[in-house]
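Examining the three-dimensional arrangement
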Amino acid sequence: MNVPIRMLGVASTIFWVFLVAFVALAAYSVKDLSVDFGEPEFSVTPEGELNLALPLYVDNKGYYSLKEFHLSTVFSDSEGTELSRSNTFVPVIPHGENVTIMHNLTLDPVSLLERGEQYLFHDNDLNVSFTAGLNFAEVLPAEISANFTFPWGAPFYNFEVGEPSFELVDFTHATASVPVSFENHAVFDLAGSIRMELYDSEDSLLTESQTVLYVQQQSAYEGNMEFNIPLSLASMSSLSTAQSGHLDVYFDIGVAQYGPLVIPYG
Amino acid sequence: MAEQQKKRKNIVKDISFRVAKATVKAVLVYMLYFFLSPMLAPLFEMIPGFMESIEAFIIVYIVLMILGDITAKTIFQHFFNTARALYFMGYLLLSMGDGVFSTSYESFSLTVNLTMFYAIAATLSLLGLARTILQAINFMHERAEAAIDMQL
């Protein structure tokens, strides 16, 4: 009986040595594993979606390959409604290699704007749920998750329309000027247009005007919308009714359209 | 008289050998821990209290090992060896729980599934427990055989 017991002991010791060596090397490999995030790049896709390309540099100097590396990002609004979900999967990151993984996060502004004016005119915080997982050394699946907020900058933050000022040019037409100001807090340059319809107090459309915009991110815009109001003898009286009324504003920012935003004046 | 003196000398020599053996084994186990702990440092940093827990485990394990070695060739050796195997299994069961280890720091949380490692370690510790029990049975069997031989 002594020999089987001794063999059992030897086998058990060998397995323990392998197990301890494996765990020690695996833990030691964690030290030699570095993960860095690069500078995110924003762009607009041909489909009109906002694309955030986040480069991820994984330098696996450890002793084991990393398998089934997956990265998932979920954007949700303050009420918890899911706005966007992005997944990246890398089957294997071999040991001793430096791999750059591009994690593309897409955000559809149309879906955001459909949820209300708050994303167009007010800054918000979007909730971001981030999960990264991998199978370390074949047998140790690990996952790291984090929740943080992503600041959403409104492209038409603090949008203000001033009182229209009318000027009679001659008997055939008059002009109106409406001051417009806002700040582009978005992460992208705003290239689009604003169209305004000028209505008098009797809800008759007097005229409309459109202006093309190009406002760089994090910069303010101040300008005037110029209206040309054709006059006739019958419509001469409408100029007096135009001292009050409302402006219907339509926004086109390329990736999304919104309107009308009704702003009373007078 | 000379035989008694020789017998006493043998006992002292035997005990000295056991103590030396226990000391060498204890030093080897501690050296193993000493050299492995820097390797496991990244893991220790992530789990608060893990280092202290491991240290307590190593101390109890070494004490049981020393007691087992000092009481060699007696039934107590097998008691201590079985106690050591049971202690190891108990520690493994209590510290690992369901085999899924989770820790969080600020808004980050890390989950490592150690089920596979846990299963292998539990199997090996069961093997160790079985070995100590077999050793105890074998010891009792040899003693019984010796007693029968003496009677004959």
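About the thresholds
Residues numbered from 1 in each chain as written. Chains lettered and ligands numbered in written order. Predicted model: local features only at pLDDT ≥ 70, side-chain atom pairs only at ≥ 80, totals over all residues. Helix = DSSP H or I, 4+ residues; strand = E, 2+ residues; numbered from the N terminus. Buried ≥ 20, exposed ≤ 12 C-beta atoms within 10 Å, placed from the backbone. Contact = placed C-beta atoms within 7 Å. Core = buried A, V, L, I, M, F, W, Y, C linked by C-beta atoms within 7 Å. Domains from an automatic or database assignment. Pairing = 2+ DSSP bridges. Axes fitted to C-alpha atoms, helices over the stretch in contact; angles between N-to-C directions. Nonpolar A, V, L, I, M, F, W, Y, C, P; charged D, E, K, R; others polar. pLDDT = per-residue confidence, 0-100. Expected span 1.5 Å × (residues − 1). Parallel < 35°, antiparallel > 145°, perpendicular 65-115°, else oblique. Left-handed = near helix turned anticlockwise from the far one by under 90°. Arc of directions from axis to C-beta.

Take the overall build of chain A next. Tallying secondary structure elements over chain A gives four helices and 16 strands in all. The buried share of chain A, taken over its 266 residues, is 21%. Once local pairs closer than 6 in sequence are excluded, the contacts in chain A between residues at least 24 apart make up 61%.

To continue, consider the nonpolar core. Membership of the largest hydrophobic core comes to 29 residues, with the highest contact counts inside it found for Phe156, Ala176, Val178, Ile194, Met196, Leu198 and Phe251 of chain A. Taken together, the elements giving at least two residues each to this core come down to α3 (118-121), β11 (173-184), β12 (190-200), β13 (205-215), β14 (219-230) and β15 (245-252) of chain A. Counting contributing residues, this core receives three or more from each of domain 1 (31-152) and domain 2 (157-265) of chain A. Residues within four places of Ile194 of chain A in sequence aside, it is in contact with Val180, Thr211, Leu213, Val249 and Phe251 of chain A. In this structure, Leu134 of chain A together with Phe101, Phe117 and Ala121 of chain B belong to the second largest nonpolar core, which totals 14 residues.

Glancing now at the sheet that holds strand β4 (residues 66-76) of chain A. Strand order across the open sheet formed by six strands is β5(A)-β4(A)-β7(A)-β8(A)-β2(B)-β1(B), with antiparallel pairing between neighbours. Unpaired on one side and paired on the other, β5 (82-93) of chain A together with β1 (100-105) of chain B mark the two borders of the sheet. If you compare each strand with its neighbour and ignore which way they point, the axes differ by 15° on average. Inspection of the sheet shows β1 of chain B paired to strand β2 (residues 108-113) of chain B by six bridges, in the antiparallel sense. By the bridge assignment, Phe101 of chain B is partnered in β2 of chain B with Val112 of chain B.

Residues and elements named next belong to chain A. With antiparallel pairing, four strands are arranged side by side in an open sheet as β13-β12-β15-β16. What marks the edges here is a single partner per strand, and that holds for β13 and β16 (257-265). Sheet twist, expressed as the average angle between the axes of neighbouring strands with direction ignored, equals 20°.

Chain B puts 24 residues into the contact, and the matching count from chain A is 25 residues. Top element by residues in the side of chain B that touches chain A is helix α5 (residues 115-151) of chain B. It accounts for 11 residues. Across the side of chain B that touches chain A, the residue classes tally to 16 nonpolar, seven polar and one charged. Examined bridge by bridge, strand β8 (residues 140-152) of chain A and β2 of chain B share five bridges and lie antiparallel to one another. Looking at the pairing, Glu143 of chain A lines up with Thr111 of chain B of β2 of chain B.

Turning to unusual backbone geometry, a few remarks are in order. Residues and elements named next belong to chain A. Backbone geometry at Glu68 places phi at a positive 50°, although glycine is not the residue there. Its place among the elements puts Glu68 in strand β4. C-beta crowding within 10 Å serves as the criterion here: with 15 such atoms nearby, Glu68 is assigned to the partly exposed category. Backbone geometry places Asn158, a non-glycine residue, at a positive phi of 55°. Counting through the fold element by element, Asn158 comes out in strand β9 (residues 157-161). Classification of Asn158 by C-beta neighbours within 10 Å gives partly exposed; the count is 13.

Our focus in this paragraph is the environment of Ile253 of chain A. Residues and elements named next belong to chain A. On the secondary structure map, Ile253 appears in the loop between β15 and β16. C-alpha of Ile253 to C-alpha of Tyr214: the two residues are 39 residues apart in sequence and 9.5 Å apart in space. In contact with Ile253, other than residues within four places in its own chain, are Pro155, Leu190 and Gly192.

Okay, the confidence of the model for chain B next. All names here are of chain B. Per-residue pLDDT for chain B has a mean of 85; in total, 97% of the residues score no lower than 70. Summarising per-element confidence for chain B, the mean pLDDT is lowest in helix α2 (residues 41-46) (70) and highest in helix α4 (residues 75-96) (90). Across the whole predicted complex the pTM is 0.64, and at the interface the ipTM reaches 0.74.

Our focus in this paragraph is the pairing of β8 of chain A. All names here are of chain A. Note that strand β7 (residues 124-136) and β8 share 13 bridges and pair antiparallel. Looking at β8, one finds that Phe130 is bridged to Ala146. Turn length for the β7-β8 hairpin, with the two strands adjacent in sequence and antiparallel, is three residues, and the turn residue Ala137 shows positive phi of about 55°.

Residues and elements named next belong to chain B. Here α4 spans 32 Å end to end across 22 residues, near enough to the 32 Å set by a 1.5 Å rise per residue. Turning to α4, its buried residues are Gln77, His78, Phe80, Asn81, Arg84 and Ala85. Those residues of α4 that are buried lie in contact with α3 (50-70) and α5. Gly97 sits one or two positions beyond α4 and adopts a positive phi of about 60°.

Interaxial distance between helix α1 (residues 2-31) of chain A and α5 of chain B falls to 10 Å at its minimum, and their mutual angle equals 155°. With respect to α5 of chain B, the axis of α1 of chain A lies roughly antiparallel. By crossing handedness, the relation of α1 of chain A to α5 of chain B is classed as left-handed. Here Asn2, Ile5, Leu8, Gly9, Ser12, Phe15, Trp16, Leu19 and Val23 of chain A of α1 of chain A lie close against α5 of chain B, whose contacting residues are Phe117, Ile120, Ala121, Leu124, Leu127, Gly128, Arg131, Leu134, Gln135 and Asn138 of chain B. Looking at side-chain class alone, the contact of α1 of chain A with α5 of chain B contains 12 nonpolar, six polar and one charged residues.

Residue and element names in this part refer to chain B. In this model α3 runs 30 Å from its N-terminal to its C-terminal C-alpha over 21 residues, within 8% of the 30 Å that 1.5 Å per residue would give. Burial in α3 covers these residues: Leu64, Gly68 and Asp69. In an axial view of α3, the angular spread of the buried residues amounts to 135°, which keeps them on one side of the axis. Summarising the geometry of α3, the exposed residues directed more than 90 degrees from the buried face are Glu52, Glu55, Ala56 and Ile59.

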